Structure formats: structure tokens, C-alpha cells
Amino acid sequence: MCKFSVLGFLRFVWSEKSNLQLIVDGFLFHLDKKCGSQQFWQCIYCEKTKCRARVITSGEKMEKRRSLHNHQPHSKIIKNESLW
Ligand SMILES: [Zn+2]
């Protein structure tokens, strides 16, 4: 079962492996690194399809987004779609 949480405008989900993932426009991102107050997120398909999409968040805000996905949205694998 997935656990969802919402922080400001950001939506998160705990994956089956208990990793925190960020949901943006139906795509899933995992935390790449933290630097100061900023968090750098990478598309979960960065290895699978070499997707280069990234998101930078700071606190409750999304600071930057690069949405250059080379694959379909992850909507189908996000189980509880009613929350986003
Ligand atoms: Zn992607």
C-alpha cells in the first residue's frame, strides 16, 4: 500500500521500497540529493530510459522543473490517483 502526503503544493508518495517519491504531473521522482534547503529530484526512469527530467524543491515550493520525459507518465503505477 502506498502512503500519500501533501506538503504545500507538493505531493509525495512512499514507494513499495519505502523511498519517498515526489509526484509532478503524473510522473514520479526520487530524491537525488539535498543541498542546503534545496532538494534535487530525479525522474525514477533516469536509469531505465535515461530520462533527464528533474525537479528542484525548497521547503514546500517547487523551484525549478525540467520536464523532458522520454516516456509515458507514471499514472498507471501511482495507485491512488484520486489524490492528485
Ligand atoms: Zn521521466
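As shown above, the structure is provided for reference.
This section reports on the structure supplied with the text. Along each chain, residue indices are assigned from 1 in the same order as the chain's sequence is written. A pLDDT threshold of at least 70 governs which residues receive local features in this predicted model, and a stricter bar of 80 or more applies before side-chain atom pairs are shown or counted, although totals over entire chains, interfaces and linings include all residues.

1. Section: the overall build of the protein chain
The numbering of helices and of strands both runs from the N terminus, where a helix is a DSSP run of H or I of at least 4 residues and a strand a run of E of at least 2. Check the secondary structure of the protein chain and you find 0 helices and 7 strands. Mapped in sequence order, the helices and strands of the protein chain form the string β-β-β-β-β-β-β. The burial tally for the protein chain puts 15% of its 84 residues in the buried class. Contacts spanning at least 24 positions in sequence make up 33% of the contacts within the protein chain whose residues lie at least 6 apart. Put plainly, a residue is buried at 20 or more neighbouring C-beta atoms within 10 Å of its own, exposed at 12 or fewer, and partly exposed in between, counting only other residues' C-beta atoms, which are placed from the backbone. Note that contacts rest on C-beta atoms placed from the backbone: two residues are in contact if these are within 7 Å.

2. What to know about the pairing of strand 3 (residues 20-24)
Note: strand 2 (residues 10-14) against strand 3, 4 bridges, orientation antiparallel. Pairing of Arg11 across the sheet is with Ile23, part of strand 3. Between strand 2 and strand 3, which follow one another and run antiparallel, lie 5 residues, and Ser18 among them has a positive phi close to 65 degrees. When strand 3 meets strand 4 (residues 27-35), the two strands line up antiparallel, connected through 4 bridges. In the strand pairing of strand 4, Leu22 is matched with Phe29. Strand pairing is defined by DSSP finding a minimum of two bridges between the two strands.

3. A word on the nonpolar core
Only buried residues count toward a nonpolar core: Ala, Val, Leu, Ile, Met, Phe, Trp, Tyr and Cys, linked into one set through C-beta atoms within 7 Å. In this structure, Leu22, Val24, Phe27, Leu28, Phe29, Trp41, Cys43, Ile44, Ala53 and Val55 together form the largest nonpolar core, which totals 10 residues. Elements with a minimum of two residues in this core: strand 3, strand 4 and strand 5 (38-43). Here this core gets 3 residues from one element, more than from any other, and that element is strand 4. In this structure Trp41 touches Leu22, Phe29, His30, Leu31, Asp32, Arg54, Val55 and Thr57, once residues within four positions along its chain are discounted.

4. Focus on unusual backbone geometry
Phi is mostly negative for residues that are not glycine, and the peptide bonds are mostly trans. The residue Asp25 is not glycine, and still its phi comes out positive at about 55 degrees. Turning to its location among the elements, Asp25 is positioned in the loop between strand 3 and strand 4. For Lys50, which is not glycine, the phi dihedral falls at a positive 60 degrees. Along the chain, Lys50 turns up in the loop between strand 5 and strand 6 (54-58).

5. Examining the environment of Ile44
Along the polypeptide, Ile44 turns up in the loop between strand 5 and strand 6. The exposure class of Ile44 is buried, given the 20 C-beta atoms found within 10 Å. Along the backbone, Ile44 and Asp32 are 12 residues apart, and their C-alpha atoms lie at a distance of 9.8 Å. Dropping the residues within four chain positions of it, Ile44 is found in contact with Gln21, Leu28, Phe29 and His30.

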